[in-house]
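Descriptive structure summary
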Amino acid sequence: MKPDALAPTGLPVRLDPGKPPVLTTPSLDDADAARAWLAEHRTAIRAELLRHGQLLLRGLPMRRPEEFARLRDVLVQERAAYREKATPRSSYGEDVYSSTDLPRQQAIHLHNENSYTLDFPGLLLFGCLQAPDEGGATTVADVREVLAALPAPLVERFRTHGWLLTRHYHEHVGLPWPTAFATDRREDVEEYCARNLIGCEWVGESALRTAQRRSALVRHPVTGEEVWFNHAAFWSRWSLDEEVLDVLEMTYGEDALPFDTAFGDGTALTEDDVHTLNAAYEAATRRERWQVGDLMLVDNVLSAHGRDAYEGERKILVAMGEPVALDSCAPTVPPTPHAVA
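Summarised in this report is the structure supplied together with it. Note that the structure is a prediction, hence the values are computed from the model and not measured.

The rules behind the values
- Residues numbered from 1 in each chain as written.
- Predicted model: local features only at pLDDT ≥ 70, side-chain atom pairs only at ≥ 80, totals over all residues.
- Heavy atoms only, no water.
- Helix = DSSP H or I, 4+ residues; strand = E, 2+ residues; numbered from the N terminus.
- Rg over C-alpha atoms; globule rule 2.2 N^0.38 Å.
- Buried < 20%, exposed > 50% of the residue type's maximum accessible area, 1.4 Å probe, protein only.
- Lys, Arg positive; Asp, Glu negative; His and termini not counted.
- Charge placed at Lys NZ, Arg CZ, Asp CG, Glu CD.
- Pairing = 2+ DSSP bridges.
- Contact = heavy atoms within 4.5 Å.
- Axes fitted to C-alpha atoms, helices over the stretch in contact; angles between N-to-C directions.
- Disulfide = S-S within 2.5 Å.
- Left-handed = near helix turned anticlockwise from the far one by under 90°.
- Nonpolar A, V, L, I, M, F, W, Y, C, P; charged D, E, K, R; others polar.

1. A few points about the overall build of the chain
Of regular secondary structure, the chain possesses eight helices and 21 strands. Scaling as 2.2 N^0.38, a compact globule of 341 residues should have a C-alpha radius of gyration of about 20 Å, and the chain matches this with 20 Å. Expressed as lengths along the three principal axes of its C-alpha atoms, the size of the chain is roughly 60 × 40 × 35 Å. Burial status across the chain gives 56% buried among its 341 residues. When the 35 basic and 53 acidic side-chain charges of the chain are each reduced to a single mean position, those positions are 5 Å apart.

Next comes the structure, spelled out in structure tokens:
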């Protein structure tokens, strides 16, 4: 099924250049009225999400985490777990988290959530309880557009070999392995890695190194469209600020960065390769300043997301749902562990 074959929904979705689609809701008195409106229009909202890859609902009476959770429960049939954690988040209970607790001056590159796991959320919801003074948009990009913009030879290398993710879990940078894997037992980590096709090796007394090969292209389980779906650019050394890369290499060595990526056969990505990938993301990027009560829906297979740097206080919540198995998305290469030594 192709999005252009979807019947018109009748929803007044506004499409402005450089911005995500925006659907302004009618005036709703409270969270109960918002839940009723979302329930009435849920099918149409999900159809618009398939068409565009993302959809910003504007005007909802949503001011507290529990109200966000109640609206999530109307739109999401099954919650999705956050596994192999990579960034710090605060929990608000009921599987609601801060979008990220990374420093405000740090922009976050576009990526598909959990593209490196064997199943991942199909739907992300972002809710604004406090908008920053400047910046801080949750950026989005249709990864159908990203794929179409990439040079064919580069795409074919990724189609044939997939992409390789190597992670080093250090104590003082990124998340330590007990936080990432939600356990302090090494044997639990080893069992998880074995089940989830991840190569792993313990380094010294406290560090862990993992490596996994995944498909860089998948097909959407509903529309069947092929999309660009990975963290190859986001977690490449060439996406780091030069000063940050220098410090990390001096501290841990060139071969022990917290994250690094390559082609799936182990061949290194060049700086030009990563520049080309990031340029395709940038050309497809859409952003809209947050307003209190905004609810952004993101189809995690059709759309990448990121974050602009910002000033002032910002409180954006996130919830994940509708888990999707990788093997239902026609990966071009099978997921495999990779030697870490």
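2. Some thoughts on the sheet that holds strand S2 (residues 22–24)
Reading across from one edge, S1-S2-S3-S17-S7-S20-S5-S4 is the order of the eight strands in this open sheet, with mixed pairing throughout. At either end of the open sheet lies a strand with only one pairing partner, and these are strand S1 (13–14) and strand S4 (91–93). The pairing of S4 with strand S5 (residues 96–98) spans two bridges and is antiparallel. Bridge pairing links Gly93 to Val96 in S5. Against the sheet, helix H1 (residues 31–52) touches S1, S2, strand S3 (54–58), strand S7 (119–130), strand S17 (295–299) and strand S20 (315–325), its axis set at about 145 degrees to S3. Helix H2 (residues 65–75) contacts S4, S5, S7, S17 and S20 of the sheet and is inclined by roughly 140 degrees relative to S7.

3. Considerations on the state of the cysteines
For the structure shown, the criterion picks out zero disulfides. Left unpaired, Cys193 is separated from the closest cysteine sulfur, that of Cys200, by 4.1 Å. When its relative accessible area of 1% is taken as the criterion, Cys193 is described as buried.

4. What to know about the packing of H1 against H2
With their axes 8 Å apart at the nearest point, H1 and H2 run at an angle of 35 degrees to one another. The two elements H1 and H2 meet at a crossing, and its hand is right-handed. In contact with Ala31, Asp32, Ala34, Arg35, Leu38, Ala39, Arg42 and Arg46 of H1, H2 contributes Glu67, Arg70, Leu71, Asp73, Val74 and Leu75. When grouped by side-chain class, the residues that make up the contact of H1 with H2 number seven nonpolar, no polar and seven charged.

5. Examining the sheet that holds strand S18 (residues 303–307)
If you walk across this open sheet you meet the four strands as S6-S18-S9-S16, and the pairing is antiparallel. A single partner strand is all that each edge strand has here, and the edge strands are strand S6 (108–111) and strand S16 (285–286). Pairing analysis gives three bridges linking strand S9 (residues 140–142) to S18, with the strands arranged antiparallel. Across the sheet, residue Asp142 finds its bridge partner in S18, namely Ser303.

6. Points about the environment of Gly93
Among the structural elements, Gly93 can be located in strand S4. Take Gly93: its relative accessible area is 30%, and that puts it in the partly exposed class. In this structure the C-alpha to C-alpha distance between Gly93 and Glu66, which are 27 residues apart in sequence, comes to 8.7 Å.

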